[in-house]
Amino acid sequence: MQWLMRFRILWGIHKSFHNIHPAPSQLCCRSLSEVGAPRWNDYEVPEEFNFASCVLDYWAQMEKEGKRGPNPAFWWVNGQGDEVKWSFRETADLTRRTANIFTQTCGLQQGDLLALILPRVPEWWLVAVGCMRTGIIFMPATIMLKAKDILYRLQMSKAKGIVTTDTIASDVDSMASECPSLKTKLLVSDHSREGWLDFRSLIKSASPEHTCIKSKTVDPMVIFFTSGTTGFPKMAKHCHGLALQSSFPTSRKIRSLKTSDVSWCLSDPGWILATMGALVEPWTAGCTAFIHHLPQFDTKVIIQALLKYPINQFFGAPSIFRMILQQDFTSIRFPALEHCCTGGEVLWPKDQEEWKRRTGLPLYDIYGQSETGIICATLREMKIKPGFLGKASPPYDVQVIDDKGNILPPNTEGNIGIRIKPARPVTLFMGYEGNPEKTAEVECGDFFNTGDTGMMDEEGYICFLGRSDDIINAS
């Protein structure tokens, strides 16, 4: 960890947050220095897309050319006063080193599966993007898993590698004989362990030279295990198109991130919300992804962080906002905070109203699932309707349907569905890996049936009425 903290001196990050540079409305996969790159509308899908080369390397090039301000790409803190700050150039360098560890040291190849079970430590971001660079499919999971849950995931996925911490490493060793596909074990720790490769030592000596694969947008990128509340977790496989969603114009309006913003998405790294809200969204906009280690959930630490650091974008589950409201204050003003949004659980109108009354800030709702990413949201330019999730977020055509896939009239209760015919949205999951029967079950006529119930009003706002077992988990 100390080496990663010292790494920032290579490019000399400055701490100023004063210069504002509007983020480009488009990203480029061709010439990274060509700002007038091909524009993508909400429904346009490029043949090739890789977040690492099209987004991260783009902003690294903008930094090199002096076209982006000095604020960091990544800002990590913990409760002991440690900080890690990386520019986009440093982050690009470190993720290329990580890619070389996977391919050269571990012998992993494009299409192999890698379990990623880490807390909120900087290496999580390096591993995720390193996998994108190599075409290795990463599978995030929460560190709260029990040994039997880890075994289930390793066996179901036939993962060839795992990156994790000391605590979970002991569980993995106890089940290694039951996971014959598992060949590579990488440990993120300040201590060594027999049979495990030391990630922090390897990254020091790894080459920073790496050529990103030319992935097609529809090539697989990541697998999220669903929450499995009512059954065994399913493997929702996504292609690189999932990371493309944040580049669409309407998606950019959900949070309207600028390169000068400091965005804190408080989600467990095991869930899709962390991949999108703490990595893809802020870096697509070229802004700072702020992370607090927060090994145990502590409302007072969260409040202190919002007061101490220049965080102006905050994203978390409704329960986080609810617990902040339970603290003993009649009103509180966070000096930098400008925009708050929430998702992953039911947002009660009374909490939404109370947050606005006591902080002076509106609370915007976002809805999605492990299979979908963001389905609908209330944009900053839209009026907030308490009890409603917002409107459909392109490229999704969201309708309320009956059990046969017929569209229901406004204000009628039914299933929340996403149109998949004649064209399946590239941001929607590819299917449940290894389970075509379950994949077929969620297809209902021309729609993907989310399993959640709701209704739509005459303005297109969607009201959530009932929960499936696999709504996005943001805790």
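Model, not experiment: these values are computed from the prediction.

What to know about helix H6 (residues 166-175)
Of all the positions in H6, only Ile168, Ala169, Val172 and Met175 are classed as buried. One side of H6 carries all its buried residues, which in axial view fall inside an arc of 130 degrees. Facing away from the buried side of H6, by more than 90 degrees, are the exposed residues Thr167 and Ser174. Here the buried face of H6 lies against strand S3 (113-117), helix H5 (147-157), strand S5 (161-164) and strand S6 (184-187).

So, the pairing of strand S14 (residues 363-369)
Counting buried residues in S14 gives seven out of seven residues, a clear majority hidden from the surface. Side chains Leu363, Asp365, Tyr367 and Gln369 project from S14 onto one buried face, and the interleaved Tyr364, Ile366 and Gly368 project onto a second face that is buried too. Looking at chain direction, strand S13 (residues 339-342) and S14 are connected through three bridges and run parallel. Each residue of the ladder has a partner; that of cysteine 340, found in S14, is leucine 363. In the sheet, S14 pairs with strand S15 (residues 373-377) via four bridges, with the strands oriented antiparallel. Along S15, the bridge assignment pairs glutamine 369 with glycine 373. Between S14 and S15, which follow one another and run antiparallel, lie three residues.

Some remarks on the confidence of the model for the protein
For residues with low pLDDT, the predicted coordinates do not support detailed interpretation. Looking at the protein as a whole, the pLDDT averages 90, with 90% of positions reaching at least 70. Per-residue pLDDT stays below 50 along residues 8-38; that stretch engages in 77 contacts with residues further than four places along the chain or on separate chains. In the predicted structure, residues 469-475 sits below a pLDDT of 50 and forms 38 contacts with residues beyond four places in sequence or in another chain.

Quick word on the pairing of strand S18 (residues 414-419)
With five of its six residues buried, S18 lies for the most part within the structure. Here strand S17 (residues 398-401) runs beside S18; their pairing, made up of four bridges, is antiparallel. Looking at S18, one finds that valine 400 is bridged to isoleucine 416. Bridge analysis of S18 against strand S21 (residues 447-456) gives five bridges, and the strand direction is antiparallel. In the strand pairing of S21, asparagine 415 is matched with threonine 453.

Quick notes on the environment of valine 398
You can see valine 398 is positioned in strand S17. Using a relative accessible area of 4% as the deciding quantity, one classes valine 398 as buried. Each C-alpha atom of the pair valine 398 and isoleucine 416 lies 7.0 Å from the other, and the pair is 18 residues apart in sequence. Setting aside residues up to four positions removed in sequence, valine 398 forms contacts with Ile375, Ala392, Ile416, Gly417, Ile418, Met456 and Ile462.

Some details on the pattern of salt bridges
Taken as a whole and judged by the stated rule, the model has 24 salt bridges. The closest approach of N and O atoms between glutamate 354 and arginine 357, which form a salt bridge, is 2.7 Å. Note that glutamate 354 and arginine 357 are positioned in helix H13 (residues 349-359) at a spacing of three residues, about one turn of the helix. Accessibility expressed as a relative area gives 24% for glutamate 354, which makes it partly exposed. When its relative accessible area of 53% is taken as the criterion, arginine 357 is described as exposed. Linking glutamate 459 and lysine 383 is a salt bridge whose minimum nitrogen-to-oxygen distance equals 3.4 Å. With glutamate 459 in the loop between S21 and strand S22 (462-466) and lysine 383 in the loop between S15 and strand S16 (388-392), the pair connects residues that are 76 residues apart, well separated along the chain. Relative accessible area serves as the criterion here: at 39%, glutamate 459 is assigned to the partly exposed category. A single network of salt bridges, built from pairs that share partners, joins Lys383, Lys385, Asp457 and Glu459.

The rules behind each value
- Counting of residues starts from 1 at the beginning of each chain's written sequence and follows it residue by residue.
- At least 70 in pLDDT is required for a residue's local features to be given in this predicted model, at least 80 for side-chain atom pairs to be given and counted, and no such filter applies to totals for whole chains, interfaces and linings, which use all residues.
- Excluding hydrogens and water, the side-chain values take into account all heavy atoms of the structure.
- Each residue is placed in one exposure class: buried if its accessible area under a 1.4 Å probe, protein chains only, is under 20% of its type's maximum, exposed if it is over 50%, and partly exposed if it falls in between.
- Secondary structure elements are defined from DSSP: runs of H or I of at least 4 residues count as helices, runs of E of at least 2 residues count as strands, and each element is numbered from the N terminus.
- Starting at the helix axis, one direction is taken to each C-beta atom, and the arc is that of these directions.
- Contact criterion: two residues are considered in contact whenever any of their non-hydrogen atoms come within 4.5 Å of each other.
- In this analysis, strands are considered paired if DSSP registers two or more bridges between them.
- Confidence of the predictor in every single residue is expressed as pLDDT, which spans 0 to 100.
- Salt bridges are identified by distance alone: a Lys or Arg side-chain nitrogen within 4 Å of an Asp or Glu carboxyl oxygen.

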